[in-house]
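An overview of the molecular structure
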Amino acid sequence: MGSYKYCMCFTRKFRWSEAAPPADVKVAFAAYADGETQISAEQFRRFLAESQGESDASLADAEKIANRIRQLDGRIHLGNLGAKHFLTLEDFHHYLFSDDLNPPIKSEVHQDMTAPISHYYIYTGHNSYLTGNQLSSNCSDAPIIKALQRGVRVIELDMWPNSTKDDVAILHGRTLTSPVTLIKCLTSIKEYAFVASPYPLVITLEDHLTPDLQAKVAEMITQTFGDMLYHPDSDTLKEFPSPEALKNRIIISTKPPKEYLESRGDKNDSHKGKDSTDEEAWEMEVADFKPEECDDKDDEDSDDNDDDADDDDAKFQQTSANQYRSLITIQAGKPKGRLRNALKVESDKVRRLSLSEQQLAKAAASHSPDLVRFTQKNILRIYPKGTRFNSSNYNPLLAWKHGAQMVAFNMQGYGSSLWLMQGFYRANGGCGYVKKPDFLLKTGPHGEVFDPTASLPVKKILKVKVYMGDGWRIDFSKTHFDAFSPPDFYTRVGIAGVPADAVMKKTKTMEDEWVPIWNEEFIFPLTVPELALLRVEVHEYDMSEKDDFGGQTCLPVSELKPGIRAVPLYDLKGNKFRSVRLLMRFEFV
């Protein structure tokens, strides 16, 4: 009997009619069909406005969708040939289950893009040139291109002298990673910078170079990017420009050269040796070095007996420093001394501060209000701890709820944390810039700011119904999940957000079904819906081994469109499946 079942299951040709509409779809259709077997364009428009929350839908919009439904897969119902813009129940269901026609979130940029860039979360990569792990993988422009194609807006390059000290190599310093040239990375960045988003691309430079190579970098960047490169109006900005003002521009973020800082007499920012960069902080974390072991000894090699040579060298270094400094829009730095001082908000300038994920955790425990206050005007960048050798990532929510704009992730890795990052930046049309919630930008009459540690009341309730899933038969081989029978799918649904909102639930398991129908509803009370992500995962139950993965997605709760929606699923690395999707309903109460 088992072999007969196997034969019948896998020799049948897939037809849409096999995935019958769930009861709620039939009820919705009947409510607008007024007893007929078809609905008109006007009835369909009413459905869009009243049930799907698309109040601005016009009759022309409804007619356009109706025509597109008929064109999908070349399907034309004979009964409709003389009835333009009418839909059958099958058409109606097909529309609802099409993520192209009926997506779960907004697909266009809709947020205000005219505020300073410090008011936005920015899609940020870490060690963007690595193809794999942090210790021995190749360095290449390929992962940079892939990140840009996915909408990442901050690319990180670690710059080191090459083996002959006459050019700049990009690599993860003091590891076995093989280098790629800076010019190759810059050329690829120029080509792909704005393929996914027109909003500004930030290049963060981790600088381990001598002044002559810094001058070479300045020349390469200027010549490669030309008019695409944004030059700040002054050495120090009092406020960052907006994403709108920086459209299609490339901006540079790094620490100003020490020669430039010393020439200005800025003792707070100059250093006797060299401040540790993120790269050196990584090294210290791994090897337990002391900070003084990372001092730059280059200055000790100069010949004190040749005053003229010293003067010429000083002039050259100063010129090089000025050329390099003129490119920097976002000045970077690392905390020095007491953290409270490092987080001090200055009235006459804005800057970027970098903290590791561990430093953030400590700062959040002891200086939570200072972090929020700092990020209202300045930029805070968080980077992964150095022991994440396999390019794994951390939970980004702690950083987001403190207002950190650049939460740097290893895009070459994958896992549930990266799924959250990818889902978060599906917001605002996937442009890579997401406006921070108003509560993180407001200051009270006595200087008080949002308290990320406070217990908050429920602000919104999200009801999610999981109807059914489809598409695995198309995207997977017939024996991928089980060699002898159809798969046994279940869905996990939950919230990633502040601790009070975080939860995961699951449906029952539907046995032996390529088109599982669950019809289960879940309720999620949310205290901070602005930072909540809806998590959806499908797994195939396996009695003897680990359950098989069947797809996942994360969706910003604030972007969810109400009503019955098609939800496309993605693979482990975040690539969208061609056909796999769920039919779900979202409702806010």
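Now for a look at the structure at hand. The model shown is predicted, which means the values in this text are computed figures rather than measured ones. (Residues numbered from 1 in each chain as written. Predicted model: local features only at pLDDT ≥ 70, side-chain atom pairs only at ≥ 80, totals over all residues. Heavy atoms only, no water.)

**Focus on the overall build of the protein**
From N to C terminus, the protein includes 17 helices and 21 strands. Buried positions account for 56% of the 589 residues belonging to the protein. (Helix = DSSP H or I, 4+ residues; strand = E, 2+ residues; numbered from the N terminus. Buried < 20%, exposed > 50% of the residue type's maximum accessible area, 1.4 Å probe, protein only.)

**Topic: the side chain of Arg153**
Tracing the sequence through the fold places Arg153 in the loop between helix 6 (142-149) and strand 4 (154-161). Lacking a salt bridge, the buried Arg153 has Glu244 as its closest oppositely charged neighbour, with an N-O distance of 12 Å. At a separation of 2.5 Å, a polar atom in the side chain of Arg153 contacts the main-chain carbonyl oxygen of Ala193. (Lys, Arg positive; Asp, Glu negative; His and termini not counted. Salt bridge = Lys/Arg side-chain N within 4 Å of Asp/Glu carboxyl O. Polar contact = N/O pair within 3.5 Å; in protein donor to acceptor, adjacent residues only side chain to side chain.)

**Some thoughts on the packing of aromatic side chains**
Think of a pair of aromatic rings as described by two things: how far the centres are apart, and how the planes are tilted against each other in angle. For the coordinates displayed, the defined rule picks out 20 aromatic pairs. Taking the centre distance of 6.3 Å and the plane angle of 75° together, the rings of Tyr120 and Tyr433 count as edge-to-face. Here Tyr433 lies in strand 13 (residues 433-435) and Tyr120 lies in strand 3 (residues 120-122), a separation of 313 residues in the sequence. Across this residue pair, the class does not change: Tyr120 and Tyr433 are buried. Ring geometry for Tyr121 and Phe424: centres 5.3 Å apart, planes at 75°, overall edge-to-face. One end of the pair, Tyr121, is in strand 3; the other, Phe424, is in helix 16 (residues 416-424), and 303 residues separate them in sequence. (Phe/Tyr/Trp six-rings, centres within 6.5 Å; stacked < 30°, edge-to-face > 60°.)

**Comments concerning the nonpolar core**
By size, the foremost hydrophobic cluster in this structure holds 77 residues, and its most contacted members are Leu157 and Ile189. When residues in this core are grouped by element, the largest group, 6 residues, is from helix 8 (residues 211-225). In this structure Ile189 touches Ile144, Leu148, Ile155, Leu157, Leu201, Ile203, Phe225 and Ile250, once residues within four positions along its chain are discounted. By size, the runner-up hydrophobic cluster in this structure holds 30 residues, among which are Phe481, Val493, Trp518 and Val538. (Core = buried A, V, L, I, M, F, W, Y, C linked by side-chain atoms within 4.5 Å. Contact = heavy atoms within 4.5 Å.)

**Re the pattern of salt bridges**
On inspection of all chains with the given rule, the structure shows 20 salt bridges. Notably, a salt bridge pairs Lys576 with Asp99, separated by 2.9 Å at the nearest N-O pair. One end of the pair, Lys576, is in strand 21 (residues 576-588); the other, Asp99, is in the loop between helix 5 (89-96) and strand 3, with 477 residues separating them in the sequence. Exposure remark for Asp99: the relative accessible area of 18% places this residue in the buried category.

**Points about empty space enclosed by the protein**
Applying the stated criterion to the full structure yields 2 cavities of 30 Å³ or more. Each pocket or cavity is described by its volume, and for the second largest cavity that value is around 50 Å³. Forming the walls of the second largest cavity are Pro232, Ser234, Asp235, Thr236, Leu237, Arg325, Ile328, Thr329, Gln331, Lys349 and Val350. Top element by residues in the lining of the second largest cavity is strand 9 (residues 328-333). It accounts for 3 residues. Looking at the lining of the second largest cavity, its residues break down into 4 nonpolar, 4 polar and 3 charged. (1 Å grid on protein atoms, 1.4 Å probe; cavity = no way out; pocket = protein on both sides within 12 Å on 5 of 7 lines; lining within 4 Å. Points joined across faces, edges and corners; volume = space filled by probe spheres on them. Nonpolar A, V, L, I, M, F, W, Y, C, P; charged D, E, K, R; others polar.)

**Details of the packing of helix 3 (residues 41-50) against helix 5**
Packing of helix 3 against helix 5 brings their axes to within 13 Å, and their N-to-C directions diverge by 35°. Here helix 3 and helix 5 pass one another in a crossing that is right-handed. Of the residues in helix 5, those in contact with Phe44, Phe47 and Leu48 of helix 3 are Phe92, Tyr95 and Leu96. (Axes fitted to C-alpha atoms, helices over the stretch in contact; angles between N-to-C directions. Left-handed = near helix turned anticlockwise from the far one by under 90°.)

**Quick word on the pairing of strand 15 (residues 489-496)**
The element strand 15 is extensively covered by neighbouring structure, given that 7 of its 8 residues are classed as buried. When strand 15 meets strand 18 (residues 533-540), the two strands line up antiparallel, connected through 8 bridges. Directly across from Ala496, in strand 18, lies its bridge partner Leu533. Direction of pairing for strand 15 relative to strand 16 (residues 503-506): antiparallel, over a ladder of 4 bridges. (Pairing = 2+ DSSP bridges.)

**Some thoughts on helix 5**
Residues lying three or four places apart along an α-helix face the same way, a consequence of the helix completing one turn every 3.6 residues. Most of helix 5 sits out of view: 6 of its 8 residues are buried. Buried within helix 5 are the following residues: Asp91, Phe92, His93, His94, Tyr95 and Leu96.

**Brief notes about unusual backbone geometry**
Unusually for a residue other than glycine, Arg174 sits at a positive phi of about 60°. By the secondary structure assignment, Arg174 is in the loop between strand 5 (168-170) and strand 6 (180-181). Relative accessible area serves as the criterion here: at 54%, Arg174 is assigned to the exposed category. A positive phi angle is found at Asn519, which is not glycine, with a value near 50°. Structurally, Asn519 is set in strand 17 (residues 517-526).

**Digging into the pairing of strand 21**
Sheet topology note: the strand 14 (residues 460-470)/strand 21 ladder contains 8 bridges and is antiparallel. Bridge pairing in strand 21 places Val466 opposite Met584. With 7 bridges connecting them, strand 20 (residues 563-570) and strand 21 associate as antiparallel partners. By the bridge assignment, Ile564 is partnered in strand 21 with Arg585. Hairpin geometry of strand 20 and strand 21 is characterised by an intervening segment of 5 residues between the two adjacent antiparallel strands and by a positive phi of about 90° at Gly574.

**Side note on the state of the cysteines**
Tallied over the full model, the rule gives 0 disulfides. Considering cysteine sulfurs only, Cys139 is the nearest to Cys185, which forms no disulfide, with 8.3 Å between them. By relative accessible area, which is 0% here, Cys185 ends up buried. (Disulfide = S-S within 2.5 Å.)

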